[in-house]
Amino acid sequence: MTAAFASTDQAYPLIWGSVGDKVHEDIAKLAIFTPVQKPGRVTYTAVESATNRIVGFTIWTLLAEKKEEAVDTSGGVPDIPGVNMDLWRWKLASGRTAWGSKMDRSKDMYSNQQVTGPIPFVALHEHQIRLLDLQPGNFDDGIQCTLRIVSLDDLPSYEALSYVWGDPAATQTISLDGNPFLVSSNLILALKQIRRPKDIRSLWVDSVCINQKNGMEKINQIKIMRDIYGKCNRGLLWFGEPDTFEYSEIQDVFDFLQRVAYHEAIASRDISKRTCEAIVGMIRTPWWTRMWTVQEALLPKSATVLWGNKACQWKTIEDAADVMCTTNEVEMTFWQGQMIDHFLSRVRALSFTRQIKAADLLPTLVRFFPRVATDPRDKIFGLLGLVPEEDRHFINVYNFDYNTDMVHLCYQMALDMIHAIGGLEPLLSFTGGPQPNPKMPSWVFDWSSNDSEERGLLPNTQCHFWNHYWRDRFYDASLNQGCPMSTDRETLTLTLQGLQIDTIVAIFPMQDSLELSNGHADMAVLNTFMSTISTHLSFESPYPYPYSSSNPNPDPNLTNLEALWRTLLGDLITDVNGSYPRRWAGQSDGTQLLDSINHKSCIGQCLCHSVMGSQNHVCFVTAAGYIGQGPKYTRCQDRVYVLLGARTPYVLRPVEGGGDGHFTLVGDCYIHGFMRGEAVDREGGKKQESVVLH
């Protein structure tokens, strides 16, 4: 139907009928609508008390004026040749009832939003949700459902379905409250599999239980998503129907995972290649690619995985991943090891996210950044339900809705994370390249983008961000001085306090081609790099290590060469897997690294992974001779600053015509001699100044 507006001069919903029909009789009995007779039609209007809006609808009484064919109106609402005129009842929020036809179902009178079928989406109040009662039936029967409204405060009994909507063009019809309603074909398959033969099954299904065309209702339901999934009896995680595997092979997968979860010793001969292929097939189903399924898996008290007609407890899958990760009880061949790598990366990412605070939103957003959502704003909204109630005062994006554009949503998300963390971690790992959206501020990450390079994520991995994230915890460039800041919502700028270290005058972009070969860094690339930089830098000259109260006696024997190799390592040595920094680099590490570079020979795994932190970076030298490592798009004449609230220094680029103190963000950097607060506590050093990031 056509939506009602606050002026009687505008269009109203059309309901076909004739004078004296039941539709007029029902409306007259309500005594709340005022009829206005017009040629060939009657317009009914009323004032809605809740909003003081004028609402209404029009009933054409002379159908011949709308259609040339002769029309028989003797049998109630008439039959128009070629048009399906089956009646449906529209029950409004106030309890009023009107009649209409299938042909007039395109819009909801009160929400002014298009709906997918002739369904009365009665307004929901606080803590209310709709439940879908799936009527009993056999697999091949049509889907019959009814909707009802319940309050979460009453602790209703229901299960929450998690699934992928799938191709929007692939739809089928179910019966909802006796009316046809279009849903995705994937949902049809899920409902057929979980339907009980004799009992009603009460479900919460987002695409049906939320009016998807009512943006305000969507955002209000998102705000209680933690309760919707947290208070359900069980989550049902529908992975879909298998494309290339038999049901029996799916059962083999679930049986194998259960044996692993129970710590039963598994030899490689006990696992067929087909079972491993099926496990990889399981974690490559579209369910694992969607943003909303993250919280749908983690928030329920318990969850069951459904793949085809087979089921497995989600906890069993998590326990199996834990065993594979922490023990050697499962012996694997090479291709079985590949299966484990795929399996662990998917499952453990969810396990790590089960208990998060507002301060954990940054790594959570990065971890699931490759996941997709139909609406790009859902790449933020889809994770907010994971934040507990006591932490939500940090997150102002809860007050945003689907009318907010992506630039302002990402801007607010960046500010929320800075406030929640109490520092500038959300500025980590930018590369200095152009923003995918040119309207996005340089210091705000565009979470809607699928361009992983801007976040510094290597293809198919996230090692660049995590390299920065974990190293950042070892440094303290601003000596934990707090994070004084102000913002301007008109210009989307962020004003910070900082100390300028120096200006970059030379760039050495060697790390673009640094690669791992058989687990070892390419020493030939580093050898060429060292030869190139030696033409600009005297290796044996003393390094201009800054004086500070924390280091009043800098090593007089520190050379440019030592500062350079420490810069290549970030002055840190990682663990054998390259996951986390474990300690500060020592002289023996430098000796081993330089010997390997000179002889183009292999180095140990820990040193190898430490060097790989230089991948996709550049080395630079400043006007005062300081040596550093920064983002790949660093340029000469960029500035290096220590920003209060940041553990690492940052490379900033002056805004052309912006005046002193106005910059765009390039990215965080390592600059030897300034990673432990030397810029802040050095006596006689430069005073703090305002830094405005655009």
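**A word on the nonpolar core**
For step 1, the next point in the chain: By size, the foremost hydrophobic cluster in this structure holds 138 residues, and its most contacted members are Trp-204, Leu-257, Phe-343, Trp-443 and Trp-447.
For step 2, the next point in the chain: Here Phe-343 is in contact with Leu-257, Ile-279, Met-282, Ile-283, Ile-317, Ala-320, Ala-321 and Met-324, once residues within four sequence places are set aside.
For step 3, the next point in the chain: If you look at the next biggest cluster of nonpolar residues, it comprises 42 residues, including Met-523, Leu-558, Ala-563 and Val-651.

**Thoughts on the packing of helix H15 (residues 523-533) against helix H17 (residues 587-599)**
For step 1, the next point in the chain: Contact geometry for H15 and H17: axes closest at 7 Å, N-to-C directions at 90 degrees. As summarised for this structure, H15 and H17 are arranged roughly perpendicular, according to the angle between their axes. Residue-level inspection shows Met-523, Leu-526, Asn-527 and Met-530 of H15 in contact with H17, the latter providing Leu-594, Ser-596, Ile-597 and Asn-598.
For step 2, the next point in the chain: Its residues assigned to classes, the contact of H15 with H17 comprises five nonpolar, three polar and no charged.

**Considerations on the side chain of Asp-571**
For step 1, the next point in the chain: Residue position: Asp-571 is located in the loop between helix H16 (560-569) and strand E20 (572-574).
For step 2, the next point in the chain: A polar contact of 2.6 Å, which involves the side chain of Asp-571, links it to the side chain of Arg-566.

**Considering the sheet that holds strand E10 (residues 171-176)**
For step 1, the next point in the chain: The strand order across the open sheet formed by nine strands is E11-E10-E8-E7-E12-E9-E13-E14-E15, and the pairing between neighbours is mixed. Looking along the sheet, the strands with just one partner apiece sit at the ends: strand E11 (179-184) and strand E15 (310-313). With strand direction ignored, the average angle separating the axes of adjacent strands in the sheet is 40 degrees.
For step 2, the next point in the chain: Relative to E11, E10 runs antiparallel, the two being bridged by six bridges. Its bridge partner lying in E11, Gln-172 is registered against Val-183.

**Considerations on the packing of helix H6 (residues 247-261) against helix H9 (residues 314-326)**
For step 1, the next point in the chain: As a packed pair, H6 and H9 sit with axes 8 Å apart at the nearest point and diverge in direction by 60 degrees. When the axis of H6 is compared with that of H9, the two are oblique. Considering the relative orientation of H6 and H9, their crossing is left-handed. On H9, the residues touching Phe-256, Leu-257, Gln-258, Val-260 and Ala-261 of H6 are Thr-316, Ile-317, Asp-319, Ala-320, Val-323 and Met-324.
For step 2, the next point in the chain: Grouping the constituent residues of the contact of H6 with H9 by class yields eight nonpolar, two polar and one charged.

**Side note on H6**
For step 1, the next point in the chain: Between its first and last C-alpha atoms H6 spans 21 Å; for 15 residues at 1.5 Å apiece the expected length is 21 Å, and the two agree.
For step 2, the next point in the chain: All buried positions along H6 are accounted for by Glu-249, Ile-250, Val-253, Phe-254, Phe-256, Leu-257, Val-260 and Ala-261. Buried residues of H6 fall within an arc of 155 degrees about the axis and therefore sit on the same side.
For step 3, the next point in the chain: Directly after H6, the chain includes His-263, whose backbone phi takes a positive value near 65 degrees.

**Things to note about the confidence of the model for the protein**
For step 1, the next point in the chain: Per-residue confidence for the protein gives a mean pLDDT of 79, with 74% of residues at or over 70.
For step 2, the next point in the chain: Counting contacts from residues 61-118, a segment whose pLDDT is below 50, to residues more than four positions away or on other chains yields 140 contacts.
For step 3, the next point in the chain: Between residues 452-462, whose pLDDT stays under 50, and residues either more than four places distant or in other chains, the model counts 38 contacts.

Reading guide: rules and limits
Residues numbered from 1 in each chain as written. Predicted model: local features only at pLDDT ≥ 70, side-chain atom pairs only at ≥ 80, totals over all residues. Heavy atoms only, no water. Core = buried A, V, L, I, M, F, W, Y, C linked by side-chain atoms within 4.5 Å. Buried < 20%, exposed > 50% of the residue type's maximum accessible area, 1.4 Å probe, protein only. Contact = heavy atoms within 4.5 Å. Axes fitted to C-alpha atoms, helices over the stretch in contact; angles between N-to-C directions. Helix = DSSP H or I, 4+ residues; strand = E, 2+ residues; numbered from the N terminus. Parallel < 35°, antiparallel > 145°, perpendicular 65-115°, else oblique. Nonpolar A, V, L, I, M, F, W, Y, C, P; charged D, E, K, R; others polar. Polar contact = N/O pair within 3.5 Å; in protein donor to acceptor, adjacent residues only side chain to side chain. Pairing = 2+ DSSP bridges. Left-handed = near helix turned anticlockwise from the far one by under 90°. Expected span 1.5 Å × (residues − 1). Arc of directions from axis to C-beta. pLDDT = per-residue confidence, 0-100.

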